[in-house]
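A look at the structure
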Amino acid sequence: MQYTLVAWMRDKPGVLNRVSGMLRRRNFNIDSLQVSHSETPGISRMTFVVDGDERVADQVVKQLRKVVDVTAVEDITNRLAILRELALIRVRTTPATRGEIMQFAEIYRAQIVDVNAENLVVQAVGTEDKVDSLIELLRPFGIEEMVRTGRVALCRGDERPKRTKPATSIFKAAASLNGSGHGDPE
Amino acid sequence: MALAKREPAASGYDLGPLEFTGSQMIWEALLREGVKIVFGHPGGAILPAYDALAEYEADGRIHHVLVRHEQCAAHMADGFARATGDVGVCIVTSGPGATNLVTGLATAQMDSVPVVAITGQVPTNLLGTDAFQESDVVGVTQPVCKHNYLVTDIAELPLVMKEAFYIAREGRPGVVLVDICKDVQIETGIFRYDFEINLPGFEPWPEYSPESVQAAAELLNESERPLILAGHGIHLSNTSEELLQLVEKAGIPVVTTLLGTGNIPETHPLSLGMGGMHGEAFANRAVQACDVLVAMGMRFDDRITGRLDRFAAKAKIVHFELDRAEVGKNIVPDVAVIGDLAETLPAFLPQIKERRHQEWVDTLSEWRSETDEADIIQFEVEELIPPFVIRQLWHATEQTEKRVIVVTDVGQHQMWESQYYIHEHAGMLLTSGGLGTMGYALPAALGAQMSDPDALVWCVAGDGGFQMTLQELATIQQEKLPVKIAIINNGFLGMVRQWQQIFYDKRYVGTPILSPDYVKLAEAYDIPAAVVRHPSEVVSVLEQAHKTDGPFLVDFQVKEEVNVYPMVAPGAAVDELIRRPKPGYVQGYSGVQPSW
Ligand SMILES: Cc1ncc(C[n+]2csc(CCOP(=O)(O)OP(=O)(O)O)c2C)c(N)n1
Ligand SMILES: [Mg+2]
């Protein structure tokens with residue numbers, strides 16, 4: 001299954017490398033990784049999509065926490081969160097297909113951000129599923145170029161991650177691996 | 001190089017701002033960290049630091065040990081750190097100097113040994129240009145370090161030095177490397193050392209939860225067949241004493257990992273010695289039969305667990321561990337107690353009921369009696385076999401008043417040492433357990449001896465591993481160190497030969513190894529030496545070694561094709577082991593396959 005993890009880290013040279021190096025070295029399967037500024041100057045924010053079981057996700061969280069420059073890690077998989085991805089898709093057009101493509105875009109609330117005689121660029125924002133299905137719809141027309149940001153995530157209202165130190169609760173078998181393993185915020 | 005205006009480094013460590021060159025800052029920081037000995041090798045990019053060292057060496061505040069290969073600088077710092085429990089420091093130049101360090105750093109990091117490595121780097125304006133002797137040291141060493149730094153600005157240097165020691169020491173110890181550009185070493189800046197360390201992402205000492213200790217106690221109190229599996233963490237947290245109290249209060253037998261050797265005295269009736277790949281059959285059977293396994297300060301390495309899904313299958317597992325990430329990594333415990341053993345063990349102890357577990361202990365004694373002493377020390381009196389040598393070494397060192405430190409290399413002799421030497425306390429044995437680095441023993445022994453000139457330090461190495469770092473014999477002489485060296489010379493890369501014999505149809509490819517005449521070699525370094533070919537000579541030569549002031553080397557020319565038993569084949573469960581051949585069975589040239 002897919003887990004959504006958010007990590008905050010000191011914005012220093014080489015931090016991305018430290019994190020990605022650790023993930024590679026430990027043979028974790030990362031579906032997507034996105035880096036950006038956070039609301040705090042000097043602190044960057046990464047969103048990871050991890051493919052694996054509960055134990056893998058637990059290990060990714062713990063190993064991330066061991067990277068000295070990483071200041072906090074949160075598994076938000078089970079929280080109410082807004083998950084989004086942005087895609088820019090350049091689709092080949094002919095006078096005959098342009099209208100249909102624009103209709104599809106509209107259904108998906110995607111925007112046309114560039115138009116030429118032979119192609120146009122669709123900007124789609126949504127969950128990955130939604131972006132995936134728009135891409136499938138557009139594929140028959142001929143996708144010339146495409147870029148996707150990967151998942152970014154923000155918890156809703158009260159679900160905001162607290163970013164406190166993890167608790168050291170007890171660890172009762174795999175069933176409650178989440179409880180202590182992930183170190184729920186106190 | 002123009003020296004900056006500066007105050008002399010006062011012994012009282014004035015904490016106010018001082019003007020220093022970057023080079024001086026390195027040494028000033030080391031002084032404030034209590035470092036008196038560094039192991040290193042100079043070169044262009046670290047030359048300013050070496051130049052500044054002159055003053056600190058002149059008045060004896062810092063002593064520099066010149067190594068003959070940078071790998072050994074790291075191993076010496078590692079041996080020093082293991083013997084003292086405090087940080088070992090090595091210092092080398094950029095490029096090849098730094099890349100030579102890597103094996104030593106990886107060795108220390110795998111075994112949670114606190115080491116700070118300082119490397120010179122090309123000047124900042126040449127970074128990234130493939131300048132002469134430039135290598136991406138931070139990139140290369142990142143995977144084998146707890147943390148590392150590249151210093152391109154002198155303003156950062158003092159804080160970086162302080163953080164480096166803090167991170168190496170605190171929590172689960174490890175390796176921190178500081179790569180310092182040459183121009184930063186030359187520049188002048190303000191030095192202060194009164195920083196508060198502020199590392200929000202670094203959680204060295206997680207606070208334990210009392211409920212977790214209680215849950216662990218409940219499990220243990222209900223157990224009929226409890227077992228403790230004690231690792232390096234006991235030694236690192238200095239809790240051997242508490243462990244022994246626990247063991248005696250509740251009548252719990254103890255198996256150790258290789259690095260946990262001696263956590264409780266191996267002469268103790270409840271000590272089952274080492275478990276795992278070359279552990280005794282009864283120790284591994286105990287692991288498989290127990291109903292509650294209390295693992296303390298260990299990480300369920302594959303050498304101790306064997307096949308994971310069949311490991312301690314009947315047991316509920318309790319894991320006492322400082323490093324959160326080790327919990328659930330290989331084994332998901334039923335109860336995890338995350339925290340410093342120095343806190344969790346004392347909290348645990350009063351909650352544990354006094355018990356004897358007589359039936360369980362009797363069962364274990366019965367299993368143990370199946371492996372009787374004759375089986376363990378299966379001497380063939382006419383031939384010199386390694387277990388005999390090791391046992392005699394133990395007898396010889398047992399009599400000394402001195403602190404004894406045995407440093408082993410990697411291979412068969414390492415396993416024989418752990419089986420046949422009797423370790424009375426934790427920290428007696430220094431060995432590369434996690435990385436299994438051949439060539440470790442001699443430099444690590446040297447580092448340990450540097451930390452305690454009065455200790456009796458024995459380096460026990462194979463003929464293969466010894467030849468990887470034997471150039472450090474010169475360092476031993478230059479430093480006038482009384483390290484005693486035993487080479488278990490079996491003419492083979494013995495452990496690999498053993499695998500070839502057992503798993504590759506006895507095709508000995510690349511394992512027969514020629515040795516020089518070690519006595520002559522030692523002579524070349526002006527080190528007294530002797531060769532031993534017969535069992536009758538062992539005792540007297542060991543005596544001679546002990547009587548000799550200064551270093552002594554013994555070339556034990558042992559029987560070649562002897563195997564280490566018991567053995568758990570990789571991938572097998574720990575109770576599916578290849579037993580020792582029965583007494584009377586002659587291992588060796590006969591080509592007869594053992595009875596398994
Ligand atoms: C640096 C390094 N290279 C290779 C190995 C693989 N290896 C493990 S044990 C061993 C044989 C060691 O031979 P020797 O030092 O003679 O010791 P013995 O096993 O004969 O006691 C080898 C090659 C290793 N552990 N370390
Ligand atoms: Mg050998």
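Please read all numbers here as calculations on a predicted model, not as lab measurements. (Residues numbered from 1 in each chain as written. Chains lettered and ligands numbered in written order. Predicted model: local features only at pLDDT ≥ 70, side-chain atom pairs only at ≥ 80, totals over all residues. Heavy atoms only, no water.)

**Quick word on helix H21 (residues 494–503) of chain B**
Residue and element names in this part refer to chain B. Burial within H21 is extensive, with seven of its 10 residues counted as buried. Where H21 is buried, its residues meet helix H17 (412–420), strand E21 (567–568) and strand E22 (577–578). Where H21 ends, the next residue or the one after it, Asp505, has phi of about 60°, a positive value. (Buried < 20%, exposed > 50% of the residue type's maximum accessible area, 1.4 Å probe, protein only. Helix = DSSP H or I, 4+ residues; strand = E, 2+ residues; numbered from the N terminus. Contact = heavy atoms within 4.5 Å.)

**Brief notes about the domain arrangement of chain A**
Here chain A is partitioned into domain 1 (2–78) and domain 2 (82–148). Just the C-alpha atoms count here: the centres of domain 1 of chain A and domain 2 of chain A sit 30 Å apart. (Domains from an automatic or database assignment.)

**Section: the site of ligand 1**
Residues and elements named next belong to chain B. By nearness alone, 17 residues border ligand 1, and Gln412, Gly436, Asp463, Gly465 and Gly494 come closest of all. Contacts to ligand 1 include Gln412, whose backbone N or O atom sits 2.8 Å from an oxygen atom. Between ligand 1 and Met495 there is a distance of 2.9 Å, counted from an oxygen atom to a backbone nitrogen or oxygen. Relative to its free-state accessible area of 590 Å², ligand 1 is covered by the protein chains to the extent of 77%. Elements supplying a minimum of two residues to the shell around ligand 1: H17, helix H19 (463–469) and H21. Sorting elements by how many residues they give to the shell around ligand 1 places H19 first, with four residues. Residue composition of the shell around ligand 1, by class: seven nonpolar, nine polar and one charged. (Near = heavy atom within 4 Å. Polar contact = N/O pair within 3.5 Å; in protein donor to acceptor, adjacent residues only side chain to side chain. Areas by Shrake-Rupley, 256 points an atom, 1.4 Å probe, with all protein chains shown as cover. Nonpolar A, V, L, I, M, F, W, Y, C, P; charged D, E, K, R; others polar.)

**Thoughts on the coordination of the magnesium ion (ligand 2)**
Residue and element names in this part refer to chain B. Summarising the metal site, the magnesium ion (ligand 2) is bound by the protein donors Asp463 (OD), Asn490 (OD1) and Phe492 (O), whose distances to it range over 2.0 to 2.2 Å. Between consecutive donor residues of the magnesium ion (ligand 2), the sequence gaps follow D-x26-N-x1-F. With a gap of 27 residues between them, Asp463 in helix H19 and Asn490 in the loop between strand E18 (484–489) and H21 connect regions that are remote in the sequence. We classify Asp463 as buried; its relative accessible area is 1%. Under the relative-accessibility criterion, Asn490 is labelled buried at 6%. (Donors = N, O, S within 2.8 Å, 3.2 Å for Na, K, Ca; no water.)

**A few points about the domain arrangement of chain B**
How big an interface is tends to be expressed through the accessible area that disappears when the partners come together. All names here are of chain B. Annotation of chain B at the domain level lists domain 1 (18–191), domain 2 (210–369) and domain 3 (373–565). For domain 1 and domain 3, the distance between their C-alpha centres works out to 31 Å. Opposite the 24 residues of domain 1 that make contact, domain 3 presents 26 residues. The largest per-residue losses of area from domain 1 upon contact with domain 3 belong to Arg68, Met76 and Ala83, which jointly make up 28% of the total buried on that side. Viewed at the interface, domain 3 and domain 1 are joined by zero salt bridges. Put simply, domain 1 and domain 3 have 11 residue pairs in polar contact (both at pLDDT 80 or more) between them. By residue number, the principal contributor to the side of domain 1 that touches domain 3 is helix H3 (residues 70–84), which donates 10 residues. (Buried area = accessible area lost by both parts, 1.4 Å probe. Salt bridge = Lys/Arg side-chain N within 4 Å of Asp/Glu carboxyl O.)

**Considering the packing of aromatic side chains**
Residues and elements named next belong to chain B. Enumeration over the complete set of coordinates arrives at 10 aromatic pairs over all chains. The interplanar angle of 70° and the centroid separation of 5.4 Å between the aromatic rings of Phe492 and Tyr508 together place this pair among those described as edge-to-face. Of the two residues, Phe492 sits in the loop between E18 and H21 while Tyr508 sits in the loop between H21 and helix H22 (518–524), which places them 16 residues apart along the sequence. In terms of burial, Phe492 and Tyr508 fall into one category: buried. Note on Trp499 and Phe503: the rings are 5.4 Å apart at their centroids and 75° apart in plane angle, and the pair reads as edge-to-face. In this pair, Trp499 and Phe503 are both assigned in helix H21, four residues apart and thus about one turn of the helix distant. The class for Trp499 is partly exposed, based on a relative accessible area of 23%. Three or more aromatic residues link up through ring pairs in this structure, and these residues are Phe20, Phe191 and Tyr193. Here the basic side chain of Arg285 rests over the ring of Trp367, its NZ or CZ set 4.1 Å away from the ring centre. The ring of Phe492 carries Arg497 above its face, with NZ or CZ at 5.6 Å from the centroid. (Phe/Tyr/Trp six-rings, centres within 6.5 Å; stacked < 30°, edge-to-face > 60°. Lys NZ or Arg CZ within 6 Å of the ring centre and 35° of its normal.)

**With respect to the confidence of the model for chain A**
Per-chain confidence: chain A averages 87 in pLDDT, with 84% of residues scoring 70 or above. Of the regions scoring below 50 in pLDDT, residues 164–186 of chain A engages in 75 contacts with residues more than four places distant in sequence or in other chains. (pLDDT = per-residue confidence, 0-100.)

**A few points about helix H14 (residues 358–370) of chain B**
Residue and element names in this part refer to chain B. Look at H14: 19 Å from first C-alpha to last across 13 residues, which is about the 18 Å you get at 1.5 Å a residue. Taken as a whole, H14 has its buried residues at Trp360, Val361, Leu364 and Trp367. Taken end-on, H14 shows its buried residues confined to a sector of 120°, consistent with a single buried face. Every exposed residue of H14 that faces more than 90 degrees away from the buried side is listed here: Glu359 and Glu366. (Expected span 1.5 Å × (residues − 1). Arc of directions from axis to C-beta.)

**Observations concerning the interface of chain A and chain B**
Taken together, the contact pairs 28 residues of chain A with 36 residues of chain B. The interface formed by chain A and chain B contains one salt bridge. Taking the shortest distance from any N to any O, the salt bridge between A:Lys66 and B:Asp323 comes out at 2.5 Å. Counting across the interface, chain A meets chain B through nine residue pairs in polar contact (both at pLDDT 80 or more). Sorting the residues of the side of chain A that touches chain B by element identifies helix H1 (15–25), helix H2 (54–66) and strand E4 (70–75) of chain A as the ones contributing at least two each. For the side of chain A that touches chain B, the element with the highest residue contribution is H2(A), accounting for seven residues. Split by residue class, the side of chain A that touches chain B holds 10 nonpolar, six polar and 12 charged.

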